[in-house]
Amino acid sequence: MPPVPSRAALVALSASLAAAGLAPSLRADDDRDDDRDEDRAARTVRPSRDLRVDIAVSPGATAGGTATVDVIVRNVGRRTERDVQVVVCAGDLSSEPLFTSATSVPPKQTRTVRAKVAVPAGATALAAGAWLPGDGMPGSNYVRVSLSGSRLAYPAAGGATWAAQCASCHGAQGEGSSKGPRVRGEDADEIAEVVRKGEDGMPRFVGIDAAGARDLAAWLADPSVPPVTPPGPDPGDIAPTWDGGVRDLFAAHCASCHGGARPSARVGLDTKSRARKDAQSALSAIEAGSMPPAGPLPAETVAVFEAWVAGGRK
Ligand code: HEC
Ligand code: HEC
């Protein structure tokens, strides 16, 4: 069965979010020694970073014609061979797929999947996504290019990153709040600079790269583009143990703010020992719907956290 498009879109976007949601990095001036080992461990939890995807479109591709598209997938994970799902869509990954396929990619290797697609009339861009089916946190990536081959920003993904990482301080649409200034219309270079360096009251986000900053800028230029809020890992795939996937749930929904050397509210949820320690208050906040700030988690996801705590936080 080919994957359904909405799932592809959500999964791809969830990966962009997760990539953007790495714990704010250490600042040299306020490292805390006792956190160093845990931070090292936290940095290895990057399931979404296992894949890189790129797309090359044959010259001369036009709307209404056919195009040869190479989707280039690299497994940057260290150990395991990955079964990767690949999808190509017109415009955006939320549209009906033009092509789907699966390929197996050994660690540190690259595979190219070639697709001949019929480009719909009116299309101006092609998008490719790749992800790992059944992974607690689907590792994946996405890229969007114009028919002439130049890269485009991905505003819907920028909106998703914004909602999860930035809105709690800068307002839902960048209008500003008591915790952060108005940033509507901020350009990509400025965003890249600020997230890399951090400023007073503003954490660093090492997971947001230049492409992520372009996505954010594209969305801030037009926040009417609906952000796609990714579902995070599918709770149905998750056993209520840390390694069974609870780690991935915390990584997807909490660790971007509750990780690293200065976790929000001093609640660390990025390593097993920290999460075990703060499990009860974490669960209360989840059940009350006060965390994550982007909005209450679905009931099935809450149930996994409840089962983990009830089962002894294993
Ligand atoms: C914990 C609150 C907080 C979060 C979360 C946060 N910011 Fe900020 N941000 C601030 C504060 C406070 C400032 C002002 C810092 C200063 O004036 O030195 C700021 C400044 C900025 C600026 C510079 C604005 C200017 O005009 O100087 C940009 C751009 C920005 N943030 C983007 C982002 C993005 C993008 C995200 C999400 C990835 C984000 N911020 C997340 C609090 C936050
Ligand atoms: C976008 C950043 C962000 C994310 C994501 C986030 N938090 Fe928080 N959290 C905060 C901030 C900031 C505070 C402190 C201020 C406040 O209470 O609003 C906080 C406070 C808390 C507190 C202590 C106060 C309380 O409400 O009990 C707990 C516990 C907590 N968060 C748990 C979680 C859990 C569990 C998740 C994931 C399901 C999560 N947070 C996701 C930013 C975040």
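In case you missed it, the structure is sitting above this.
Residues numbered from 1 in each chain as written. Chains lettered and ligands numbered in written order. Predicted model: local features only at pLDDT ≥ 70, side-chain atom pairs only at ≥ 80, totals over all residues.

## Concerning the site of ligand 2
Right, so step 1: Around ligand 2, a shell composed of 19 residues is seen, among which Cys-254, Cys-257, Ser-264, Ala-265 and Met-291 lie nearest.
Right, so step 2: Mapped onto the shell around ligand 2, the elements with two or more residues apiece are helix H3 (155–170) and helix H8 (279–288).
Right, so step 3: The leading source of residues in the shell around ligand 2 is H8, at 4 residues.
Right, so step 4: Grouping the amino acids of the shell around ligand 2 by side-chain chemistry returns 11 nonpolar, 8 polar and no charged. (Near = placed C-beta within 6 Å. Helix = DSSP H or I, 4+ residues; strand = E, 2+ residues; numbered from the N terminus. Nonpolar A, V, L, I, M, F, W, Y, C, P; charged D, E, K, R; others polar.)

## Regarding helix H6 (residues 242–253)
Right, so step 1: Over its 12 residues, H6 runs only 14 Å from end to end, short of the ideal 16 Å by more than 12%, given 1.5 Å per residue.
Right, so step 2: For H6, a buried count of 9 out of 12 residues is recorded, marking the element as mostly surrounded by other parts of the structure.
Right, so step 3: For H6, the full list of buried residues reads Gly-245, Val-246, Arg-247, Asp-248, Leu-249, Phe-250, Ala-251, Ala-252 and His-253. (Expected span 1.5 Å × (residues − 1). Buried ≥ 20, exposed ≤ 12 C-beta atoms within 10 Å, placed from the backbone.)

## Section: helix H4 (residues 188–197)
Right, so step 1: Burial in H4 covers these residues: Ala-188, Ile-191 and Val-195. Seen end-on, H4 carries its buried residues on one side only, within an arc spanning 60°. In H4, those exposed residues whose orientation departs by more than 90 degrees from the buried face are Asp-189, Glu-190, Glu-193 and Lys-197.
Right, so step 2: Turning to H4, the residues buried within the fold contact helix H5 (210–221).
Right, so step 3: One or two positions beyond H4, positive phi appears at Gly-198, with a value near 75°. (Arc of directions from axis to C-beta. Contact = placed C-beta atoms within 7 Å.)

## A word on the site of ligand 1
Right, so step 1: As a structural note, the neighbourhood of ligand 1 is formed by 22 residues, with Cys-166, Cys-169, Glu-199, Gly-201 and Met-202 the closest of them.
Right, so step 2: Mapped onto the shell around ligand 1, the elements with two or more residues apiece are H3 and H4.
Right, so step 3: The element contributing the most residues to the shell around ligand 1 is H3, with 5 residues.
Right, so step 4: Split into classes, the residues belonging to the shell around ligand 1 amount to 12 nonpolar, 5 polar and 5 charged.

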